[in-house]
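In case you want the letters, here they are:
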Amino acid sequence: MSDYTFRFSKSDRRLVAILIVIPMVLLFIGVYGGLMQTLFRAGIIQSDPFVGGDYYKGLTFHGVLNAIVFTTFFAVAFGNALIPYSLKMHLNTKIAWTSGILMLVGSVMAAIVILIGEATVLYTFYPPLKAHPLFYIGLTLLVVGSWVASANWVPLYLRWRRENEGKKTPLAVVGIFTTFIVWFIATLAVAVEILFMLLPWSLGWVDEINVMLARTLFWFFGHPLVYFWLLPAYVMYYVFMPKLAGGKLYSDMAGRLVFMMFIVFSIPVGTHHQYMDPAISSQWKLLHGIFTFAVALPSLITAFTLAASLEHAGKLRGAKGLFGWMWKLPYFKKENWFFAYLITGLIIFIFGGIGGIINASYQLNTVIHNTAWVPGHFHLTVAGPVMLAFLGGSLYMVGQFMNKTIRLKTWAMIAPYVYTIGLLIMSYGLKIGGLMGMPRRTNTGASYANPDSVLYQADWMPYIDLTVLGGSIMFIGIVIYIISFFTTVFSKSEVPEEDAVVTFPISESLHDEPATWLRNFKPYIIIAIILIVLSYTPVIYDVLQATYGGSLPYSPDSPVPLR
Amino acid sequence: MDKSEKLALGLSGLLLVLFFGAIMYAAVAKDIDVPTCITDMDPFVTDTLFQTGPDTYELQMVARMWAFQPSTVRLPVGSTVDLYVTSQDIIHGFKVEQHNINLMAVPGAINYMRVTFNKPGEFMYACHEFCGAAHHTMAGRFIIEENDEVTEMIGGSL
Ligand code: HEM
Ligand SMILES: [Cu+2]
Ligand SMILES: [Cu+2]
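All residue numbers refer to position in the chain's written sequence, counted from 1. Whichever chain is written first becomes A and whichever ligand is written first becomes 1, with later ones labelled in order. Local features in a predicted model are, by the rule used here, given only for residues with pLDDT of at least 70; side-chain atom pairs are given and counted only at 80 or more, and totals for whole chains, interfaces and linings are based on all residues. To obtain the side-chain values, all non-hydrogen atoms of the structure were used and water was disregarded.

Participant: Where do I start with the overall build of chain A in this structure?
Facilitator: Secondary structure follows DSSP: runs of H or I at least 4 residues long count as helices, runs of E at least 2 residues long count as strands, and numbering of each begins at the N terminus. Check the secondary structure of chain A and you find 16 helices and two strands. Both definitions apply: the radius of gyration is a C-alpha atom measure, and the globule rule equals 2.2 Å times residues to the power 0.38. By the compact-globule yardstick of 24 Å for 563 residues, chain A fits well, its C-alpha radius of gyration being 23 Å. Principal-axis analysis of the C-alpha atoms places the extent of chain A at approximately 65 × 45 × 45 Å. When accessible area is computed with a 1.4 Å probe and restricted to protein chains, residues below 20% of their type maximum are described as buried, those above 50% as exposed, and intermediate ones as partly exposed. Relative to its full complement of 563 residues, chain A shows a buried share of 65%. It only takes one pair of heavy atoms within 4.5 Å for two residues to be counted as in contact. The contacts of chain A with a sequence gap of at least 6 include a subset with a gap of at least 24, amounting to 84%. Carbon and sulfur atoms form 69% of the exposed surface of chain A, whose accessible area is close to 19,600 Å². Counted charges follow a simple rule, with Lys and Arg positive, Asp and Glu negative, and His plus the chain ends left uncounted. A charged residue contributes its charge at one atom only: NZ of Lys, CZ of Arg, CG of Asp or CD of Glu. Taken as two groups, the 35 positive and 26 negative side-chain charges of chain A have centres that lie 9 Å from each other. Accessibility throughout is a Shrake-Rupley quantity obtained with a 1.4 Å probe, and a residue counts as covered only by protein chains that appear here.

Below is the structure:
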């Protein structure tokens, strides 16, 4: 039953392929930027050998292309693939293409202004640093495109519900809608920030901007953004991984509960990125901290459910004893290369999760806020489980949607392990450096890591060198992946075009309870809105009444305002 | 939900409650808190340091592209400083090494934390928010002296 195929139209298949292949090129530029950063930071290079420009231009395209562009495209492509597949219905092709074109035009626009050095504002684009207006317009088109794509799925879902009364919505569909419900609510805030504050100000229509307000709106978006990254990976963990491991999902209800909890708690938590900010009372920061702990619960449930599913799979493969299952999983089977991407991500996520709880812990944040610890942490989340699941998913989907067999499977299987080793080394270097006081977003190579500088910090050097080592290994991992990816993309199809069908490894569940209280998004969306209003009204009030004056725009190159 | 799931859920909840209890303990019993909203202070544009008691000082610090004012602060061991930070242009960040003090310097707002220097030495503060082309050169230091009563501020107006 779970192993069925679905026939997409040729145009729908081509769209999914484009939404994966073009962003993969952008991702490679972004990852190249990451490697250069590690070299800059150690003082090995002083300017970018290929793209030109300084550390901060590279850091901007690294953050924007990897964490915003690539991830958004993947989530949309994943939805365009899995929603029709799971519901066995066809998308409106015109709307799907419109959304894809909006996203592509927007991303390319933003990428160009970054690469010509007109938008060196990093991926958080905090004012009063000002980017070229096309940067803001490009990001807006990307977001609007993703809204259009998800709106296209809604009629299919509603029709399916009407035609299948009493049946459970497939878990993949619940997960993807959860992803985009969180995304939609979150991006409303950043849309307000961009359209009503940043864009008119960057065009010169208004002179001044309230920096704290813009920052607060950004983080309203910024935290749920991390769940927008994580949730498609969760869908793969719950829906694909048990099957790939040779077992079943331990509990279907746990998956549904987890998704609903993310809708409720993903958003009223953004102020935990502003623990060290002025103009927000500490009691509201604490409230956001409490909700942040609440949103850790679904991840703990996930850890349990996935481990239980893998244990079940291991036992089916003949494992004995308490931990025997761990040794029976298909880690290094080249035919099962997809499993490697998911299991490495899960192992990394143990460290990512622990780091996240540390960051969330209110006063403890004083120790690590904005130090190198922070990129050390989030490479273990977004550049770990998220990136690996997305890479695995991308390779799987180009195979399915371009009607190709995967080539160089051994390369594809080995890439995530190489990447993981590099990642653990790099993150260790960044995290320990951070605890010693090394700031993030800083070209240490030109000061703190330069023996000729008065600011030289000899005791940071071993950790800066570890990030070079780790970063280089990560880069090699990505190169191995890219080779297998493009070899597959440019290979000849073995199956005639007319017979092209798509399949996904959908797991069955071991425990399948009715869980009628988890079948409808509406109550959870309502609770989410109530919590958002309760948690953000006092924060916005504080910001408005404790700030004074507005800010003129600045370029990163001069201490004199631009107007 | 089977028995092991209930157990896992219960233990997870317990773990989070425990962590959260530790936070509340630190906040209430140890009085360790994060910065809060400052409304009873007039905006300042120049830096000042003055003594407010036998071992207590008030320091108003201004961050700008690309320097902290003051860039060096000399204080005797055991000093407690009420530290106010703001920015004159764009966003900067301020953290003193080996001390639990970490503040964003945002234009249009005043940030505050109290810090006590219990051991002698030099403690750097490096700007930790990207603030433009020379961000990596923006740093300063506290010099905490064992013996005498010197207080001094360099690189700003005293
Ligand atoms: C070869 C692989 C990679 C290397 C060597 C690398 C290296 C780095 C380094 C050293 C930093 C710290 C910069 C600083 O704070 O000064 C950084 C920042 C960052 N990386 Fe990566 N990275 C890699 C891959 C990725 C991937 C796959 C993602 C994402 C999805 C990612 C997302 C980010 C983000 C969002 C930042 C923060 C940018 C900012 O602070 O504005 N990185 N990376
Ligand atoms: Cu967050
Ligand atoms: Cu700075």
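Participant: How should helix H8 (residues 252–265) of chain A be read in this particular structure?
Facilitator: Residue pairs three or four apart in sequence face the same way in an α-helix, which turns once every 3.6 residues. Residues and elements named next belong to chain A. By this rule, a helix spans an expected 1.5 Å times one less than how many residues it contains. Compared with the 20 Å implied by 1.5 Å per residue over 14 residues, the 20 Å span of H8 between its first and last C-alpha is a close match. Burial analysis of H8 places 14 of its 14 residues in the buried class, the great majority of the element. Regarding H8, its N-cap is Ser 251, as a side-chain oxygen of that residue lies 3.4 Å from the backbone nitrogen of Met 253 further along. Each polar contact in these results corresponds to two N or O atoms within 3.5 Å; when the atoms are within protein, one needs to be able to donate a hydrogen and the other to accept it, and residues that are neighboring in sequence are counted only if both atoms are side-chain atoms.

Participant: What exactly am I supposed to notice about the site of ligand 1 here?
Facilitator: Residues and elements named next belong to chain A. Neighbouring residues of ligand 1: 27 residues in total, closest Tyr 55, His 62, His 379, Arg 440 and Arg 441. Within the side chain of His 379, one N or O atom sits 2.8 Å away from a nitrogen atom of ligand 1. For ligand 1, an oxygen atom lies 2.7 Å from a polar atom in the backbone of Arg 441. Only helix H1 (10–41), helix H2 (55–87), helix H12 (373–378), helix H13 (382–401), helix H14 (409–436) and helix H15 (461–489) provide two or more residues apiece to the shell around ligand 1. In terms of residue count, H1 provides more of the shell around ligand 1 than any other element does, six residues in total. Here the residues of the shell around ligand 1 are counted per class, giving 16 nonpolar, eight polar and three charged. Neighbouring residues are identified by heavy atoms, a residue being near a molecule or strand if any of them is within 4 Å of it. Gly is placed with the polar residues, together with every amino acid not listed as nonpolar (Ala, Val, Leu, Ile, Met, Phe, Trp, Tyr, Cys and Pro) or charged (Asp, Glu, Lys and Arg).

Participant: I'm lost on H1(A) in this one. Help?
Facilitator: Residue and element names in this part refer to chain A. With 32 residues, H1 extends 47 Å from end C-alpha to end C-alpha; this agrees with the ideal 46 Å at 1.5 Å per step. For H1, the buried fraction is high: 24 of the 32 residues fall into the buried class. Just downstream of H1, Gly 43 is the residue with a positive phi angle, here 80 degrees.

Participant: Explanation requested: the coordination of the copper ion (ligand 3) in the structure shown.
Facilitator: Residue and element names in this part refer to chain B. Within the first shell, the copper ion (ligand 3) binds the protein through Cys 127 (SG), Glu 129 (O), Cys 131 (SG) and His 135 (ND1), at distances of 2.0 to 2.5 Å. Viewed at the metal, the four donor atoms of the copper ion (ligand 3) are separated by angles of 85 to 128 degrees, and the geometry they form is tetrahedral. Each metal's donors are the N, O and S atoms found within 2.8 Å of it, except that Na, K and Ca use a 3.2 Å limit; water is left out, so coordination can look incomplete. Mapping the donors of the copper ion (ligand 3) onto the primary sequence gives the spacing C-x1-E-x1-C-x3-H. Every geometry call rests on angle ranges, with four donors termed tetrahedral when all angles are between 85 and 135 degrees, four termed square planar and six termed octahedral when opposite donors are over 155 degrees apart and all others are between 65 and 115, and everything else termed irregular.

Participant: Just to check I follow, could you spell out the environment of Phe390(A) for this structure?
Facilitator: Residue and element names in this part refer to chain A. Here Phe 390 lies in helix H13. Classification of Phe 390 by relative accessible area gives buried; the value is 0%. Along the sequence, Phe 390 and Gly 437 sit 47 residues apart, while their C-alpha atoms lie 33 Å from each other. Every residue in contact with Phe 390, bar those within four places of it in the chain, is listed here: Phe 70, Thr 71, Phe 74, Trp 229, Pro 232, Ala 233 and Met 236.

Participant: Quick question: what am I supposed to make of the nonpolar core here?
Facilitator: If you look at soluble globular proteins, the nonpolar side chains tend to sit buried side by side. Buried Ala, Val, Leu, Ile, Met, Phe, Trp, Tyr and Cys residues form a nonpolar core when they are joined through side-chain atoms within 4.5 Å. In terms of nonpolar packing, the biggest core is built from 254 residues, with Phe125(A), Phe135(A), Phe240(A), Phe485(A), Phe504(A), Phe94(B) and Phe142(B) touching the most fellow members. Looking at this core, the element that brings in the most residues is helix H7 (residues 211–244) of chain A, giving 25 residues. Domain ranges listed in this record stem from an automatic or a database domain assignment. Residue-level mapping places this core at the junction of two domains, with at least three residues from each of domain 1 (1–32) and domain 2 (36–154) of chain B. In terms of nonpolar packing, the next biggest core, distinct from the first, is built from seven residues, Ile38(B), Tyr84(B), Ile110(B) and Tyr112(B) among them.

Participant: Sorry if this is basic, but what is going on with the interface of chain B and chain A here?
Facilitator: Of the residues lining the interface, 58 residues belong to chain B; the matching set on chain A comes to 69 residues. Summed over both partners, the accessible area (1.4 Å probe) lost when two parts come together is defined as the buried area. Note on chain B versus chain A: buried area summed over both sides is about 5,200 Å², and carbon and sulfur give 67% of it. A side-chain nitrogen of Lys or Arg and a carboxyl oxygen of Asp or Glu constitute a salt bridge if their distance falls within 4 Å. Put simply, chain B and chain A have one salt bridge between them. One salt bridge in this structure joins Arg441(A) and Glu129(B), with 2.8 Å as the shortest N-O distance. Here chain B is connected to chain A by 21 residue pairs in polar contact (both at pLDDT 80 or more). Those elements giving two or more residues to the side of chain B that touches chain A turn out to be helix H1 (3–28), strand S7 (102–105), strand S8 (111–116) and strand S9 (121–126) of chain B. Broken down by element, the side of chain B that touches chain A gets its largest block of residues, 13 residues, from H1(B). The residue inventory of the side of chain B that touches chain A, partitioned by class, reads 35 nonpolar, 16 polar and seven charged.

Participant: Could you clarify how one ought to interpret the coordination of the copper ion (ligand 2) in this entry?
Facilitator: All names here are of chain A. Protein coordination at the copper ion (ligand 2) comes from His 223 (ND1), His 272 (NE2) and His 273 (NE2), with a distance range of 1.6 to 2.0 Å. Linear spacing of the donor residues for the copper ion (ligand 2) on their chain is H-x48-H-H. Remark: His 272 occurs in the loop between H8 and helix H9 (282–316) and His 223 occurs in helix H7; sequence separation between them is 49 residues. With respect to burial, His 223 and His 272 carry one shared label: buried.

Participant: Even after reading the chapter, I still don't get the confidence of the model for chain B, so can you show me in this structure?
Facilitator: Detailed reading of the predicted coordinates is not advisable wherever pLDDT falls low. Each residue gets a pLDDT score, which is the predictor's confidence in that residue and runs from 0 to 100. For chain B, per-residue confidence averages 90 on the pLDDT scale, and 94% of positions sit at 70 or higher. Overall fold confidence for the complex sits at a pTM of 0.95, while the interface term, ipTM, reaches 0.93.

Participant: Please explain the packing of aromatic side chains as it appears in this structure.
Facilitator: Two numbers describe a pair of aromatic rings. These are the distance of the centres and the angle of the planes. Residue and element names in this part refer to chain A. Each Phe, Tyr or Trp ring, with Trp reduced to its six-membered ring, pairs with another whose centre is within 6.5 Å; inter-plane angles below 30 degrees give stacked pairs, above 60 give edge-to-face pairs, and intermediate values give tilted ones. If you walk through the whole model with that rule in mind, you get 61 aromatic pairs over all chains. The criterion is that NZ of a Lys, or CZ of an Arg, lies within 6 Å of the ring centre and within 35 degrees of the ring normal, and then a charge sits over that ring. The aromatic ring of Tyr 4 is capped on one face by Lys 88, whose charged end is 4.2 Å from the ring centroid. The ring of Trp 373 carries the charged tip of Lys 431 above its face, separated from the ring centre by 4.4 Å.

Participant: Looking at this structure, I do not really get the environment of Ile194(A). What am I missing?
Facilitator: All names here are of chain A. Within the secondary structure, Ile 194 sits in helix H6 (residues 171–202). The exposure class of Ile 194 is buried, given its relative accessible area of 5%. Sequence-distant contacts of Ile 194, that is, excluding residues within four places in its chain, are made with Phe 125, Tyr 136, Leu 139, Thr 140, Leu 199 and Pro 200.

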